[in-house]
Amino acid sequence: MRCLINACRQSRCLASTSFRPGGRKVLKLQDLKVVNTKTGIRALSSTSVRKSYINSEKVIGFKGQPTSFTYTERDAILYALGVGFKVGQADYLKFLFEGNKDFSVLPTYGVIPSMLSTFQMVVMEDNVPGIKTYLPKILHGEQYLEVYRPLLPSATLISTPTLVDVLDKKSGAVLIIDVDTHDENNELVAYNQVSYFEVDAGNFGGRKTSDKIIKSTVAIPSRPPDFVTEDKTTIDQAALYRLSGDNNPLHIDPDFAAEGGLQTPILHGLCTFGFAARHVLQHYAGNDVTKFKAIKVRFTKPVIPGQTVGTKMWKEGNRIHFQCQVAETGDTVISHSYIDLKME
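The structure presented is a predicted model; accordingly, all values stated were derived computationally and were not measured.

**Digging into the overall build of the protein**
Per the secondary structure count, the protein includes seven helices and 17 strands. When burial is assessed residue by residue, the protein has 55% of its 344 residues classed as buried. When contacts within the protein are restricted to residue pairs at least 6 apart in sequence, those whose partners lie at least 24 apart make up 74%. Of the roughly 14,400 Å² that the protein leaves accessible, carbon and sulfur atoms contribute 50%.

**Regarding unusual backbone geometry**
Although it is not a glycine, Asp91 adopts a positive phi angle of roughly 60 degrees. Mapped onto the fold, Asp91 is located in the loop between helix H2 (73–82) and helix H3 (92–96). In this structure Asp91 comes out as partly exposed when scored by relative accessible area, which is 40%.

**What to know about helix H7 (residues 269–285)**
A rise of 1.5 Å per residue sets the reference length of H7, with its 17 residues, at 24 Å; its end C-alpha atoms lie 23 Å apart and thus fit the reference within 8%. Buried residues dominate H7, accounting for 15 of its 17 residues. Of the residues flanking the end of H7, it is Gly286, one or two places downstream, whose phi is positive at about 60 degrees.

**Examining H2**
Among the residues making up H2, those that are buried are Ala76, Ile77, Leu78, Tyr79, Ala80 and Gly82. On its buried side, H2 packs onto H3, helix H5 (237–241) and H7. Among the residues trailing H2, Gly84 stands out with phi positive, at a value near 100 degrees.

**A word on the nonpolar core**
Core analysis: the largest hydrophobic core is formed by 54 residues, its most contacted members being Leu106, Tyr109, Ile112, Phe273, Ile295, Phe322 and Ile339. Once you skip the residues sitting within four places of it in the chain, Tyr109 turns out to touch Phe69, Tyr71, Asp75, Tyr79 and Leu151. Counting residues in hydrophobic clusters, the runner-up holds 13 residues, among them Val122, Ile138, Leu163 and Tyr196.

**Here's the deal with the side chain of Asp178**
Relative to the elements of secondary structure, Asp178 occurs in strand E11 (residues 172–183). The exposure class assigned to Asp178 is buried, which follows from its relative accessible area of 14%. Only 2.7 Å separates the side chain of Asp178 from the side chain of Gln193, close enough to count as a polar contact.

**Quick look at the packing of aromatic side chains**
Enumeration according to the criterion identifies seven aromatic pairs in this entry. Taken together through their ring pairs, the aromatic side chains of Phe69, Tyr71, Tyr79, Tyr109 and Tyr241 make up a single cluster. Over the ring of Phe275 we find Arg278, and its NZ or CZ is 5.0 Å from the ring centre.

**A short note on the environment of Gln282**
Position of Gln282 among the secondary structure elements: in helix H7. Separated by 192 residues in sequence, Gln282 and Ala90 have C-alpha atoms that sit 7.9 Å apart.

**Topic: the pairing of strand E16 (residues 319–326)**
The buried count for E16 comes to six of eight residues, which makes it a mostly enclosed element. The pairing of strand E15 (residues 308–316) with E16 spans eight bridges and is antiparallel. Residue Trp314 lies in a different strand from E16, and its bridge partner there is His321. Hairpin connection from E15 to E16: two residues lie between these consecutive antiparallel strands, with Gly317 at a positive phi of about 65 degrees. Alignment of E16 against strand E17 (residues 332–341), held across six bridges, turns out to be antiparallel. Its bridge partner being in E17, Ile320 is matched across the sheet by Ile339.

**Details of the pattern of salt bridges**
Going through the model one piece at a time under the given rule, you end up with eleven salt bridges. Measuring nitrogen to oxygen at the nearest pair gives 3.0 Å for the salt bridge that ties Lys101 to Asp102. A relative accessible area of 75% means that Lys101 is categorised as exposed. Classification of Asp102 as partly exposed rests on a relative accessible area of 40%. Across the pair Glu142 and Lys296 runs a salt bridge whose closest N-O atoms are separated by 2.9 Å. You can see Glu142 sitting in strand E9 (residues 138–147) and its partner Lys296 sitting in strand E14 (residues 292–299), a full 154 residues away along the chain. Comparing Glu142 with Lys296 shows no difference in burial state: the two are buried. Here the salt bridges share partners, and the residues they tie into one network are Glu142, Lys296 and Arg298.

**Looking at the confidence of the model for the protein**
The predicted model of the protein has a mean per-residue pLDDT of 82, with 75% of residues at 70 or higher. This stretch, residues 1–24, has a pLDDT under 50; its non-local contacts, to residues over four places away or in other chains, come to 111 contacts. Here residues 32–49 scores under 50 on pLDDT; set against residues more than four positions off or in separate chains, the count is 51 contacts.

**With respect to the side chain of His140**
With respect to the secondary-structure elements, His140 resides in strand E9. For His140, a relative accessible area of 4% puts it in the buried group. Among the polar contacts listed, one links the side chain of His140 to the backbone oxygen of Glu142, at a separation of 3.5 Å. A polar contact is formed between the side chain of His140 and the side chain of Gln143, at a distance of 3.0 Å.

How each quantity is defined
- Residues numbered from 1 in each chain as written.
- Predicted model: local features only at pLDDT ≥ 70, side-chain atom pairs only at ≥ 80, totals over all residues.
- Heavy atoms only, no water.
- Helix = DSSP H or I, 4+ residues; strand = E, 2+ residues; numbered from the N terminus.
- Buried < 20%, exposed > 50% of the residue type's maximum accessible area, 1.4 Å probe, protein only.
- Contact = heavy atoms within 4.5 Å.
- Areas by Shrake-Rupley, 256 points an atom, 1.4 Å probe, with all protein chains shown as cover.
- Expected span 1.5 Å × (residues − 1).
- Core = buried A, V, L, I, M, F, W, Y, C linked by side-chain atoms within 4.5 Å.
- Polar contact = N/O pair within 3.5 Å; in protein donor to acceptor, adjacent residues only side chain to side chain.
- Phe/Tyr/Trp six-rings, centres within 6.5 Å; stacked < 30°, edge-to-face > 60°.
- Lys NZ or Arg CZ within 6 Å of the ring centre and 35° of its normal.
- Pairing = 2+ DSSP bridges.
- Salt bridge = Lys/Arg side-chain N within 4 Å of Asp/Glu carboxyl O.
- pLDDT = per-residue confidence, 0-100.

Here you go:
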């Protein structure tokens, strides 16, 4: 999806740091800020790099700083609202009322703790030796999330990113980043793999394929879908979703959207990702979060807040293939995607 990590040279992602016992520096996701010097907010970092540079020998295998993320029931509810849960929907109290005896956190919330880790790698300057990125040309290509146990109603999680590969696609470069997320007892809670595509960053002499891609996308079955559902997003959808941590002004500021070549702010790719996962979880798992194992998504086009997201689903064993389209235009916005469930 044309989900830009940043929309123009005037934006920066800023984060404070703290120190855990033993002296390990930990970045805090809650302190992530994206500021816009165009609207009078002073940027606290230097001007963005305008020309990309990649030295794959230095980049591959680089491990970033761990990032700390603390959330509560309130944050989990805000995320559920951000990905389209509404009062009156099936099991809405389970995800929107912390006093419900079965209160649960949507499993796709597992992408949120890893966000600052990847932002620090590809957005902030001088974080990774051997690479310089031109921020307006970075697109979100694919996302894989696997959760190893249901997310607790509140927790502090530590995410550590590793840039495992860089591919030379000639028209651009693909950055593949693994993020392991542990709890405070060092138990592995979730794993994310994200692929970013930087336009015009290719031709650096790198390889075209990777053996580091944990899960590949898969074509949907050739038969008609087994189930179809849709949800209309609101014009405030991106404004609501960004409160879960993605402060990219591309999704709220028309000036930033224009700098990125867009006519209007777009919905976050991971918000559409959340809509689709919610559709699958409801229909095929009865909103039982313990049945969710993993999700793999390819982003293809953006959704505009206010448009209707339709999800087509095909069940093959424990795997639910799906793709998403915008009802108003017919555009496919998520393709070659699936969710793996834990079924008895």
